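Residues per chain, in single letters:
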Amino acid sequence: MGNLLQDLRYGVRLLLKRPGFTAVAVLTLALGIGVNTAIFSLVNAVLLQPLPYPEPDRLTTFYVSSRGAGLRQMEWTEGQFAWLRERNHAFESLAAYDNWGFNLIDGGEPERLNGAIVTHDFFRVLGQQPLYGRAFLPEEDRPGNNNVLILSHHLWQRRFGGDPDILNKPLILDNTPTVVVGIMPPGFNFPENADLWVPVGLSPQDFSLYYIQPIARLKPGVSLKDAEREMAALIEEFGRLQNWPHDEEWPRPQVVPLVQSIVGEVRTPLLILLGAAGLVLLIACANIANLLLARAGSRTREIAIRCCLGASPSRIAMQMLTESLLLAFAGATGGLLLAFWCVEWLKRISPEEIPRIEQVQIDSVVLIFTVGVMLWTGILFGLAPALRAVRVNLLEATKEAVRNSASVSSRRMNNLFVILQFSLSLILLISVGLLLESFRHLVAVDPGFRPENVLTARVQLPNNKYADETQVRNFQAQLVRRVGELPGVGSAALCQMIPFGSGGDGNPFTVEGREPAPDEQLPEAWWRSVTPAYFDAMKITVIKGRAFLDTDNENSERVAIVDEKLARAYWPDGDAVGKRIRIGRASWGNPLMRIVGVVASVKHRNLDEDAKFYLYMPASQETQWSTYLVVRTLSDPEAIVSAVRGEVSALDPELPLFEVRTMEQAVARSLATRRLTNHLLTAFAATALLLAAVGIYGVMSLNVSNRTSEFGIRMALGAEPGNILRLVLGQGMTLAAIGLGAGLLATFWITPLLASLLYGVGETDFTTFAVAALILVGVALFACYIPARRATKVDPIIALRCE
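The rules behind these values
Residues numbered from 1 in each chain as written. Predicted model: local features only at pLDDT ≥ 70, side-chain atom pairs only at ≥ 80, totals over all residues. Heavy atoms only, no water. Helix = DSSP H or I, 4+ residues; strand = E, 2+ residues; numbered from the N terminus. Contact = heavy atoms within 4.5 Å. Areas by Shrake-Rupley, 256 points an atom, 1.4 Å probe, with all protein chains shown as cover. Axes fitted to C-alpha atoms, helices over the stretch in contact; angles between N-to-C directions. Parallel < 35°, antiparallel > 145°, perpendicular 65-115°, else oblique. Left-handed = near helix turned anticlockwise from the far one by under 90°. Nonpolar A, V, L, I, M, F, W, Y, C, P; charged D, E, K, R; others polar. Core = buried A, V, L, I, M, F, W, Y, C linked by side-chain atoms within 4.5 Å. Buried < 20%, exposed > 50% of the residue type's maximum accessible area, 1.4 Å probe, protein only. Phe/Tyr/Trp six-rings, centres within 6.5 Å; stacked < 30°, edge-to-face > 60°. Salt bridge = Lys/Arg side-chain N within 4 Å of Asp/Glu carboxyl O. Patch = residues over 30% accessible without salt bridge, like charges linked within 9 Å, V, L, I, M, F, W, Y side chains within 5 Å. Expected span 1.5 Å × (residues − 1). Bend = angle between axes of the 7 residues up to and from the residue. Pairing = 2+ DSSP bridges. pLDDT = per-residue confidence, 0-100.

J.: Is there a simple way to think about the overall build of the protein chain in this case?
T.: Within the protein chain, the regular secondary structure consists of 23 helices and 22 strands. Counting only contacts in the protein chain whose residues sit at least 6 apart along the sequence, the fraction spanning at least 24 positions is 82%. Total accessible area on the protein chain is roughly 35900 Å²; 58% of this is exposed by carbon and sulfur atoms.

Below is the structure:
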């Protein structure tokens, strides 16, 4: 301990004597450690932290794998769920839920709330109980008896001011009195952003509608594989009882941890960010190792004298490692300060699609990670100088002539670190280049409509107030007419589900004359109920036939419009006009619809998806209580939001207008995670380039300084400045070339990991590889040129006199 304290005091004095060196080293480390700490805090909160429920490792959900559909989340009918809950033995408890929206009326302004309908044992599965009041009772989970609700703590505080008397009082949800029976504790947030929970009102005999999602708690000692096997057997048994059609095999379930389903598709981008931040830290460590090696060269005589006075090699190595750990500690302190700022910045700019983003913070786990990184980096970049120190030649080191010279082994180590920096920088630069090129292709994709100057908003009519389809159609017709007459509005329409909106699913369909066999899987199309002006409001091109007319109503022939992709798939010339199509099989009883038009294909959720089959029906023939208002304006669409709200309120003051956004915002939202990833990776790549430039500049400057005498002799013997310039540049560019070669080989192995994030560009795109390599060559050339120019200005007389 005495030796350690002595080494610490001595190390602090040395660092304070060289403030320039210390500042550069600490800032470099603070940047590398700070970036890693911030990204790890994001990864820790989103991917690594368990769910905040008792024994979260036992919480699961189900996916199902079916032929031709891949692996997808399984939705259940109420009857299927009730049948499964009664017969399973793998789960301690089994519940179901579905995201749901509610119109709240409590005397103030009507508000649309995010919520969930849940089975009565939903909170028991999660191991949560209300902070005030009680959970749902089994008898409240029956049709007609489910007019009770539980509030989230956030909504209770925001809307009701934390009033404890709200318990056992009715609120008007969707025009129905619903009694508050409980208030959940702060922080309970499942499903994401839920404001309240209402019982499903389960009907065990209802097998008609697939919509509820299961969650379950495994019994102690039961594994995921055990649960999968039981689920597979139950699904097969149920399928046989219901005479499910199948050809090759029954759908195979996959039981996965609940946290995995919550994380969704953000896992890969976050891990890539963490890997990129790790590369930046490695480059920073290589840079610091170079600086320490350079400084160790000037301390050769000091180390030799200490050895002559009795210091052992291990004692010298400990001194060097202590100094590097001091630097690492200072860098980690600065990195933590930077990380606190970065975390807040990340939370502000991160898209809401990233789950649990509000939980990102510098907690004890992140601090342990930072300490680990500090120790690892301190040892990593301090190891090379320590090894060099214990191998000093005492006889040579005590000579005055070599007091400030660097050994051949030190120069080799410096060169090795430069090569490492360039290799890692190239990997990062190519990865960023591929993602940026992919993003460029992505934003250039034609979504099938024109999103500019389009405002969208959702209106949900409560069924118990608008019980008749005629009422719904009259309200919707008046709304479209009134909004269409507003100043600055070009056209207005309604659509059951808009592109890049929430929700939606495909429905099976059949074409007249091509009725499939009973056991044949039906194709699926995304169907939409729209008013006649929808295609004009969205600027979706009508390729053949016509758009819907006002005469396409409940009293006329059933009609439909299909998209170009569906038309070309079933009619070789794409001319589907006049043909007939139906939803489902003929045995289901749905009527045939005559196709009156073919329109351009559109994207549904993402620009990089394969366009789905689309099938449109007139809203007057397929009435929907929940619908989107689509308004094309002549200027800024956000300027008419208040006017549109006023028209809705004039028709029904109890109806809220919600999910109000422009179509451009909806498209941009689908790209938000990619855009954030690209921005961060670009910043990492720029940092890596800067560190690589500093690294090669430092090595070349050191080489020029150590070879002053050599250059003086060369010039005295007749060498031209150009010869010296080419010599120095050649040595520096050789290091860069070796680093580029090693980096290229490594990149061919790493870029396949990016495949899921690429669109329109290959994993080994030649242009991206070439541009990244040229950028690094340019950086290396610039970093080498300054020391090379200094070498050409060496005065031979002064150099020889020093010799």
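J.: Sorry if this is basic, but what is going on with the packing of helix H3 (residues 78–87) against helix H6 (residues 224–241) here?
T.: The interhelical angle for the contact between H3 and H6, taken along N-to-C directions, is 130°, at an axis separation of 11 Å. In terms of orientation, H3 lies oblique with respect to H6. Considering only the axes of H3 and H6, their crossing is right-handed. Contacts between H3 and H6 involve Gln-80, Trp-83, Leu-84 and Arg-87 from the first element and Met-231, Leu-234, Glu-237, Phe-238 and Leu-241 from the second. In the contact of H3 with H6, the residues fall into six nonpolar, one polar and two charged.

J.: What is the right way to read the nonpolar core from this model?
T.: Soluble, globular proteins show a tendency: their nonpolar side chains are buried together. If you look at the biggest cluster of nonpolar residues, it comprises 80 residues, and the most contacted ones within it are Ile-39, Leu-428, Phe-684 and Ile-696. For this core, the secondary structure elements donating two or more residues are helix H2 (19–48), helix H8 (267–298), helix H10 (313–349), helix H13 (408–443), helix H19 (672–706), helix H20 (708–716), helix H21 (721–750) and helix H22 (766–792). It is H19 that contributes the most residues to this core, 14 residues altogether. When residues no more than four places from it in sequence are discounted, the contact partners of Ile-696 are Val-418, Phe-422, Gly-732, Ala-736, Ala-780, Ala-783 and Cys-784. Judged by nonpolar contacts, the second largest core, of 38 residues, contains Leu-155, Ile-212, Ala-216 and Ile-235.

J.: How do you make sense of the packing of aromatic side chains when you look at a structure like this?
T.: Remark: the centre distance and the inter-plane angle together describe each pair of aromatic rings, the angle taken between the planes. In this structure the tally under the stated criterion is 25 aromatic pairs. Note on Tyr-97 and Phe-190: the rings are 5.3 Å apart at their centroids and 65° apart in plane angle, and the pair reads as edge-to-face. Of this pair, Tyr-97 sits in strand S3 (residues 91–105) while Phe-190 is found in the loop between strand S8 (176–183) and strand S9 (196–199), placing the two residues 93 residues apart along the sequence. Grouping residues by exposure puts Tyr-97 and Phe-190 together as buried. Geometrically, the ring pair formed by Phe-122 and Phe-190 is stacked, given 6.0 Å between the ring centres and 15° between the ring planes. Placement of Phe-122 in helix H4 (residues 122–126) and of Phe-190 in the loop between S8 and S9 is noted, with a sequence separation of 68 residues between them. Here Phe-122 falls in the buried class, since its relative accessible area comes to 0%. Among the aromatic side chains, those forming a connected cluster through ring pairs are Tyr-53, Tyr-97, Phe-122, Phe-123, Phe-136, Phe-188, Phe-190 and Trp-197.

J.: Explain the pattern of salt bridges here, please?
T.: Any two side chains of opposite charge can pair, given that their charged atoms come close. Scanning the entire structure with this criterion turns up 25 salt bridges. A salt bridge links Lys-225 to Glu-228, with the nearest nitrogen and oxygen atoms 3.7 Å apart. You can see Lys-225 and its partner Glu-228 sitting in helix H6, three residues apart, about one turn around the helix. A salt bridge links Lys-539 to Asp-536; its shortest N-O distance comes to 3.2 Å. Judged by relative accessible area, Lys-539 falls into the partly exposed class, the value being 30%. Overlapping salt bridges bring together Glu-55, Arg-58 and Glu-92 as one network.

J.: Even after reading the chapter, I still don't get a nonpolar patch on the surface, so can you show me in this structure?
T.: On the surface, Leu-325, Val-371, Leu-375, Ile-379 and Leu-383 cluster together to form a nonpolar patch covering roughly 390 Å² of accessible area. The element contributing the most residues to the nonpolar patch is helix H11 (residues 364–390), with four residues. On the secondary structure map, Leu-325 appears in helix H10. Among the residues examined, Leu-325 registers a relative accessible area of 32% and is labelled partly exposed.

J.: I'm lost on unusual backbone geometry in this one. Help?
T.: A negative phi holds for most residues other than glycine; trans holds for most peptide bonds. That bond from Phe-190 to Pro-191 is cis: its omega, -5°, falls within 30 degrees of zero. A positive phi is found at Asn-168, a non-glycine position, where the angle reads about 65°. Along the chain, Asn-168 falls in the loop between helix H5 (153–160) and strand S7 (170–173).

J.: Whenever I open this one, H22 confuses me. Can you help?
T.: Spacing of three or four residues puts side chains on the same side of an α-helix, whose turn is 3.6 residues. In this model, H22 (27 residues) spans 37 Å end to end at C-alpha, consistent with the 39 Å of a helix rising 1.5 Å per residue. The axis of H22 is deflected most strongly, by about 30°, at Tyr-785, and proline Pro-787 appears within four residues downstream.

J.: Explain the pairing of strand S19 (residues 593–599) to me, please; I cannot follow it from the model alone.
T.: The side chains of a regular strand alternate, first on one face of the sheet and then on the other. Of all the seven residues making up S19, six are buried; the element is thus mostly covered by neighbouring parts of the structure. Note: strand S16 (residues 542–545) against S19, three bridges, orientation antiparallel. Note that in S19 the partner of Lys-544 across the bridge is Val-598. Judged from the five bridges that link them, strand S17 (residues 559–563) and S19 form a sheet pairing that is parallel. Along S19, the bridge assignment pairs Ala-560 with Ile-595. As defined by bridge partners, strand S18 (residues 580–583) adjoins S19 across two bridges and the pair is classed as antiparallel.

J.: Honestly, the packing of H20 against H21 in this entry has me stumped. Any pointers?
T.: To characterise two packed helices, one gives the angle between the axes of the helices and the distance between these axes. Across the interface, H20 lies against H21 with an axial gap of 10 Å and an inter-helix angle of 145°. Here the hand of the crossing between H20 and H21 comes out right-handed. Touching Glu-710, Phe-711, Arg-714 and Met-715 of H20 are Pro-721, Ile-724, Leu-727 and Val-728, all from H21.

J.: Even after reading the chapter, I still don't get the environment of Ser-701, so can you show me in this structure?
T.: Residue placement: Ser-701 occurs in helix H19. A relative accessible area of 13% places Ser-701 in the buried class. Residue contacts for Ser-701: discarding those within four places in its chain leaves Pro-787 and Arg-790.

J.: Is there a simple way to think about the side chain of Glu-647 in this case?
T.: Topologically, Glu-647 is positioned in helix H17 (residues 641–651). Classification of Glu-647 as buried rests on a relative accessible area of 16%. Those residues in contact with Glu-647 that sit more than four places away from it in its chain are Arg-482, Val-483 and Leu-486.

J.: In this structure, what is going on with H6? I would like to understand it.
T.: Taking 1.5 Å per residue, 18 residues should reach 26 Å; H6 reaches 26 Å between its end C-alpha atoms and fits that length. Where H6 is concerned, the buried positions are Ala-227, Glu-228, Glu-230, Met-231, Ala-232, Leu-234, Ile-235, Phe-238 and Gly-239.

J.: Quick question: what am I supposed to make of the environment of His-154 here?
T.: With respect to the helices, strands and loops of the structure, His-154 is situated in helix H5. Separated by 40 residues in the primary sequence, His-154 and Ala-194 have C-alpha atoms spaced 9.6 Å apart.

J.: So what exactly am I meant to see when it comes to the pairing of strand S14 (residues 507–511) here?
T.: With four of five residues buried, S14 is to be regarded as a mostly interior element. Relative to S18, S14 runs antiparallel, the two sharing three bridges. By the bridge assignment for S18, Thr-510 is matched with Arg-582.

J.: Is there a simple way to explain the confidence of the model for the protein chain in this structure?
T.: Low-confidence regions, as indicated by low pLDDT, have predicted coordinates that should not be scrutinised in detail. Per-residue pLDDT for the protein chain averages 83, and the proportion of residues at 70 or more is 88%. The model gives residues 67–72 a pLDDT under 50, and that stretch makes 13 contacts with residues more than four places away or in other chains. Throughout residues 400–406 the model reports pLDDT below 50, and contacts reaching past four residues in sequence, or to other chains, amount to 16 contacts.

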